[in-house]
Amino acid sequence: MTALGVERLLVGIRDARTGLMMHRKWSRSELERSVPWLKRMNARGNDIYVRPDGDHGLVLVDDLKAEALERMQREGYAPAALLETSPGNFQAWVKLSEAPLSVAVRTRAAQELAQHYGGDLNNADGRHFGRLAGFTNRKPQHTRHNRQPYVLAQACPGTIARAAAAYLQQIAQGLDKEAEELERRERRDALQSARPGAGRDPIQEYQRQAQRLLAQYGADADLSRVDWMIATDMAKSGRFTLQDIATGIRACSPNVDRRKMGHIEDYATRTAAKAWSDPGVRQHREQARQAQRAGVLDTAPGVD
């Protein structure tokens, strides 16, 4: 418990007959006071488990062999708490941070460490229970001479893994990239499934043009370039104001929340303003106005 270094613990007592887990949220002192009761539950065939309650900076890697533990030590992932759950089988609590980490980060770390060191991938997530040292492993396959092996605390230094800082940065970059790609796909799917018609609605107009451009340039399209092309076309059309163009970009630009995090409004306004004042766009609008005036004059009554 000292090695885990958390204030609250979630203790699980798995019923030997039904397989259901009973939970208790305890402080360390409450757990220590409850040891006699846990011993009775264990003696009746129930397995005793524990994990930190709430967010924390630990990940559990289950079902490791001695060779894998040696590699973890060499490569900077020495466990903060190492338990031998049955002869020759180990669980390792790896401390990546003293500060709490999100479930997503812990899950990614647990999965990657389990895969890299040959642990149990089925038990690799951010909320998995480990066995509590000092109690017996009640799995029938471990029975020897009608007795069950004790779960032993082999090494509990409680230290942060040497490679943790660089590893957390790598995980954060990977999760950010995945989130960006997911948002990119969702926005693209939304654009592709929209059924906008031509008119004066800036959102529908942006969606209509984005569908066309993304179909033409594909998934690797430069999205800022897409914004610019749509903005200039809307500015040339004479059907939309500068504010309309900014609205279309802000509401519909693919992945804009990630691409322009913290300054979406500024990006949309600047892009719209730049497109509106572009010399080629202004010339096009002026020519359109002149052509319109000429058309009005040509069709006016009494004009030869």
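Heads up: the structure comes first, above all this text.
Just so we're clear, the structure is a prediction, and the values are computed from it rather than from any experiment.

Colleague: Explanation requested: the environment of valine 35 in the structure shown.
Modeller: Examined against the element boundaries, valine 35 turns out to sit in helix 2 (residues 35-43). The class of valine 35 is partly exposed, set by a relative accessible area of 27%. Once the C-alpha coordinates of valine 35 and phenylalanine 135 are considered, the two residues, 100 residues apart in sequence, prove to be 9.7 Å apart.

Colleague: Please explain the pattern of salt bridges as it appears in this structure.
Modeller: Opposite charge on two side chains allows them to pair when their charged atoms are near. This model, assessed by the stated rule, comprises 12 salt bridges. When the shortest N-O distance is used, the salt bridge between aspartate 47 and arginine 14 registers 3.7 Å. Taken as a pair, aspartate 47 in strand 3 (residues 47-52) and arginine 14 in strand 1 (residues 8-14) lie far apart in primary sequence, 33 residues in all. Between arginine 131 and aspartate 47 there is a salt bridge whose closest N-O contact spans 2.7 Å. Pair noted here: arginine 131 is in strand 7 (residues 130-131) and aspartate 47 is in strand 3, with a separation of 84 residues, a long-range link. Each of the two residues, arginine 131 as well as aspartate 47, counts as buried. Bridged by salt links that share partners, the residues Arg14, Asp47 and Arg131 form one connected network.

Colleague: What am I meant to see in the packing of helix 7 (residues 223-237) against helix 10 (residues 264-277) here?
Modeller: To characterise two packed helices, one gives the angle between the axes of the helices and the distance between these axes. Axis separation between helix 7 and helix 10 bottoms out at 8 Å; the angle between their running directions is 50°. As summarised for this structure, helix 7 and helix 10 are arranged oblique, according to the angle between their axes. Crossing hand, helix 7 versus helix 10: right-handed. Counted together, Ser224, Asp227, Trp228, Ala231, Thr232 and Ala235 of helix 7 and Tyr267, Thr271, Lys274, Ala275 and Trp276 of helix 10 form the full contact between these two elements. Residue composition of the contact of helix 7 with helix 10, by class: six nonpolar, three polar and two charged.

Colleague: How should the sheet that holds strand 1 be read in this particular structure?
Modeller: Strand pairing in a sheet relies on backbone hydrogen bonds, with the paired strands running either antiparallel or parallel. With antiparallel pairing, four strands are arranged side by side in an open sheet as 2-1-3-7. The open sheet is flanked by strand 2 (21-27) and strand 7, the only strands paired with a single partner. In terms of strand pairing, strand 1 meets strand 2 through seven bridges, oriented antiparallel. Note on strand 2: the bridge partner recorded for leucine 9 is tryptophan 26. Against the sheet, helix 2 makes contact with strand 1, strand 2 and strand 3, and its axis sits at roughly 160° relative to strand 2, the strand it touches most.

Colleague: How should helix 3 (residues 66-74) be read in this particular structure?
Modeller: Spacing of three or four residues puts side chains on the same side of an α-helix, whose turn is 3.6 residues. Residues of helix 3 that are buried include every one of Ala68, Leu69 and Met72, and no others. Looking down the long axis of helix 3, one finds its buried residues gathered within 100° of arc, a one-sided arrangement. Summarising the geometry of helix 3, the exposed residues directed more than 90 degrees from the buried face are Glu67 and Arg74. Turning to helix 3, the residues buried within the fold contact strand 4 (58-64), strand 5 (81-86), strand 6 (89-95) and helix 4 (103-117). Once helix 3 finishes, glycine 76 follows within two positions and takes phi at roughly 95°, a positive value.

Colleague: Can you help me understand helix 2 in this one?
Modeller: Among all positions of helix 2, only Leu38, Met41 and Asn42 are buried. The arc that holds every buried residue of helix 2, seen down its axis, measures 100°, which confines them to one face. Exposed residues on helix 2 whose side chains face more than 90 degrees from its buried face are Lys39 and Ala43. If you follow the buried residues of helix 2, they end up packed against strand 1, strand 2 and strand 3.

Colleague: It is not clear to me how the environment of glutamate 181 should be interpreted in this structure. Could you clarify?
Modeller: Secondary-structure assignment places glutamate 181 in helix 5 (residues 164-193). Of the residues examined, glutamate 181 reaches a relative accessible area of 36% and is grouped as partly exposed. As a C-alpha pair, glutamate 181 and asparagine 255 span 74 residues in sequence and 8.2 Å in three-dimensional space.

The rules behind each value
Residues numbered from 1 in each chain as written. Predicted model: local features only at pLDDT ≥ 70, side-chain atom pairs only at ≥ 80, totals over all residues. Heavy atoms only, no water. Helix = DSSP H or I, 4+ residues; strand = E, 2+ residues; numbered from the N terminus. Buried < 20%, exposed > 50% of the residue type's maximum accessible area, 1.4 Å probe, protein only. Salt bridge = Lys/Arg side-chain N within 4 Å of Asp/Glu carboxyl O. Axes fitted to C-alpha atoms, helices over the stretch in contact; angles between N-to-C directions. Parallel < 35°, antiparallel > 145°, perpendicular 65-115°, else oblique. Left-handed = near helix turned anticlockwise from the far one by under 90°. Contact = heavy atoms within 4.5 Å. Nonpolar A, V, L, I, M, F, W, Y, C, P; charged D, E, K, R; others polar. Pairing = 2+ DSSP bridges. Arc of directions from axis to C-beta.

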